Amino acid sequence: MVIKLDKPRNTTQYLLTANSFRLKSRKILSSKKETPYNNFGSNLQNIEPKIRVLYEADNEYKLVSLDQEGAEAKIVAYLCKKGNYRKLFENNIKPHSFTALHIFTEQLKAKYHTPSNIDIAINTEIDKLQSLPFCKELFKLIKDSDNWPGKERYYFIGKKVRHASAYGMRENKYRMSLLEESEGSIAISKKEAEFHLSTDRKLFPEISQWQLETEKTIRSKKELRNLFGFPFKFTSFLDDAAIRNGLSFVPQSTVATLTNIAFSEMQEYIEDNDRNWHLLNNDHDSILGETPEEEAGDYIKVMKKLIEEKEFTSPVDGVKFHMTAEVKVGYNWASMSVDNPLGLKEINE
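Parameters and conventions
- Residues numbered from 1 in each chain as written.
- Predicted model: local features only at pLDDT ≥ 70, side-chain atom pairs only at ≥ 80, totals over all residues.
- Heavy atoms only, no water.
- 1 Å grid on protein atoms, 1.4 Å probe; cavity = no way out; pocket = protein on both sides within 12 Å on 5 of 7 lines; lining within 4 Å.
- Points joined across faces, edges and corners; volume = space filled by probe spheres on them.
- Helix = DSSP H or I, 4+ residues; strand = E, 2+ residues; numbered from the N terminus.
- Nonpolar A, V, L, I, M, F, W, Y, C, P; charged D, E, K, R; others polar.
- Pairing = 2+ DSSP bridges.
- Buried < 20%, exposed > 50% of the residue type's maximum accessible area, 1.4 Å probe, protein only.
- Patch = residues over 30% accessible without salt bridge, like charges linked within 9 Å, V, L, I, M, F, W, Y side chains within 5 Å.
- Areas by Shrake-Rupley, 256 points an atom, 1.4 Å probe, with all protein chains shown as cover.
- Salt bridge = Lys/Arg side-chain N within 4 Å of Asp/Glu carboxyl O.
- Axes fitted to C-alpha atoms, helices over the stretch in contact; angles between N-to-C directions.
- Contact = heavy atoms within 4.5 Å.

Participant: Help me out: how do you make sense of the layout of surface pockets in this one?
Facilitator: Where empty space is left becomes clear once a probe the size of a water molecule has been rolled over the atoms. Of the pockets and cavities examined, the second largest pocket occupies roughly 630 Å³. R9, N10, L44, Y55 and L280 are the residues nearest the centre of the second largest pocket, which is lined by 20 residues in total. The biggest single contributor to the lining of the second largest pocket is strand 6 (residues 278-282), with three residues. Counted by class, the lining of the second largest pocket contains eleven nonpolar, four polar and five charged residues.

Shown next as structure tokens:
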């Protein structure tokens, strides 16, 4: 039987990574060079924002994306002793935006209509930032920079600084990571990289303390467990690279496990309740699906519950916390903008 589709399709193959429980994505049959289908599908987890506009919902459907807010950064905040980092989450401030604000202060002044307000924000205590009348507008500007050219993607760079700082990357490794993940569009000097990372260390000194404690645990117990209790054992020689990989295990694997569990539970719900909903992509800390237009609200309620109902406990001070989900809805996979009015728009549910 031949099924005629109204639009072209892409697909992928998921594999489990042993050291973080994240799923990786690749072409199907990519190693079978003797077959006519060796280029079938692609990696669907590293699609550039400008390319995502090509991925559209089926006719009379909507795309729905739910992302873990803060994701690995939030886990790190609760692995650390309470400090500025955790205060960001307690006050509903996106850490990537906050980091970008402090690193790209002068560049943002050139983009913002009232540059003096940026100085005010920089010098305001974290728990009072949200009370500034221009705070929401300023952080929206930073978030929107993800759609700007190369080195002006301050939000994206802020996110990369967060990962580099948390996982002990040095300047050159951070530079290369930024270059690779931006597909060559963001190239910075070693001096710039040093400034980014040193600024971050001053903002969040508690992260360095957590890293030291984690290294002690790795060397003494040869094991770490994520916040679901799932273990990773260290059996190789513990050089600097092994320690840096170890730093990422608890945050990455906790986020990945939450995504994997929610994805599986949602598929079970769809099948048990005979819903015409389609799960499309597991992207480490986010899940993309599509639903009939009139059922998007129902889909969001179910998926949000599956993500947000899981309770975690900080191993440092016993504080209980939950992950929250950011919801976006639209007709193609790219963000909504003036040039892409049918893209994903963030909504409050």
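Next comes the rest of the account.
Participant: Hey, could you run me through the pairing of strand 6 in this one?
Facilitator: Looking down a regular strand, the side chains alternate between one sheet face and the other. Direction of pairing for strand 6 relative to strand 7 (residues 286-292): antiparallel, over a ladder of four bridges. In the sheet register, N281 faces strand 7, and the bridge partner there is L288. Hairpin connection, strand 6 to strand 7: the antiparallel pair is bridged by three residues, and H284 has positive phi, about 70 degrees.

Participant: Help me understand unusual backbone geometry, please; the structure alone is not making it clear to me.
Facilitator: Excluding glycine, residues mostly have negative phi values, and the peptide bonds linking residues are mostly trans. The backbone of E60 shows a phi angle near 70 degrees, a positive value even though the residue is not glycine. Locating E60 in the fold gives a position in the loop between strand 2 (23-26) and strand 3 (61-68). According to the relative accessible area criterion, E60 is exposed, its value standing at 65%. With a phi close to 45 degrees, A71 is a non-glycine residue in the positive phi region. Within the fold, A71 resides in helix 1 (residues 71-79). Classification of A71 as buried rests on a relative accessible area of 5%.

Participant: Can you walk me through a nonpolar patch on the surface in this structure?
Facilitator: Taken together, I51, V53 and L54 make up a surface patch of nonpolar side chains, about 260 Å² in accessible area. Along the polypeptide, I51 turns up in the loop between strand 2 and strand 3. Take I51: its relative accessible area is 37%, and that puts it in the partly exposed class.

Participant: Would you take a moment to explain empty space enclosed by the protein for this structure?
Facilitator: Tallying each qualifying case throughout the model produces one cavity of 30 Å³ or more. Within this model, the largest cavity holds a volume of roughly 30 Å³. What lines the largest cavity is E72, A73, V76, Y85, R162, H163, A166 and Y167. Only helix 1 and helix 8 (154-166) provide two or more residues apiece to the lining of the largest cavity. Looking at side-chain class alone, the lining of the largest cavity contains five nonpolar, one polar and two charged residues.

Participant: Is there a simple way to explain the sheet that holds strand 3 in this structure?
Facilitator: Backbone-to-backbone hydrogen bonds join strands into a sheet, with any given pair of strands oriented parallel or antiparallel. The antiparallel open sheet is built from five strands, whose spatial order is 6-7-3-10-11. The open sheet is flanked by strand 6 and strand 11 (345-347), the only strands paired with a single partner. If you compare each strand with its neighbour and ignore which way they point, the axes differ by 30 degrees on average. Relative to strand 11, strand 10 (residues 325-330) is paired through three bridges, and the arrangement is antiparallel. Bridged to K328 within strand 11 is E346. Sheet contacts for helix 12 (residues 240-272): strand 3, strand 6 and strand 7; angle to strand 6, the most-contacted strand, approximately 165 degrees.

Participant: Any chance you could explain the pattern of salt bridges here in plain terms?
Facilitator: On inspection of all chains with the given rule, the structure shows 29 salt bridges. Here E69 and K94 are joined by a salt bridge, their closest N and O atoms 3.5 Å apart. Of this pair, E69 sits in the loop between strand 3 and helix 1 while K94 sits in the loop between helix 2 (84-90) and helix 3 (95-103), and the two are 25 residues apart along the sequence. Since its relative accessible area comes to 23%, E69 is described here as partly exposed. Given a relative accessible area of 27%, K94 falls into the partly exposed group. Several salt bridges share partner residues, and in doing so they unite E69, K94, K143, E326 and K328 into one network.

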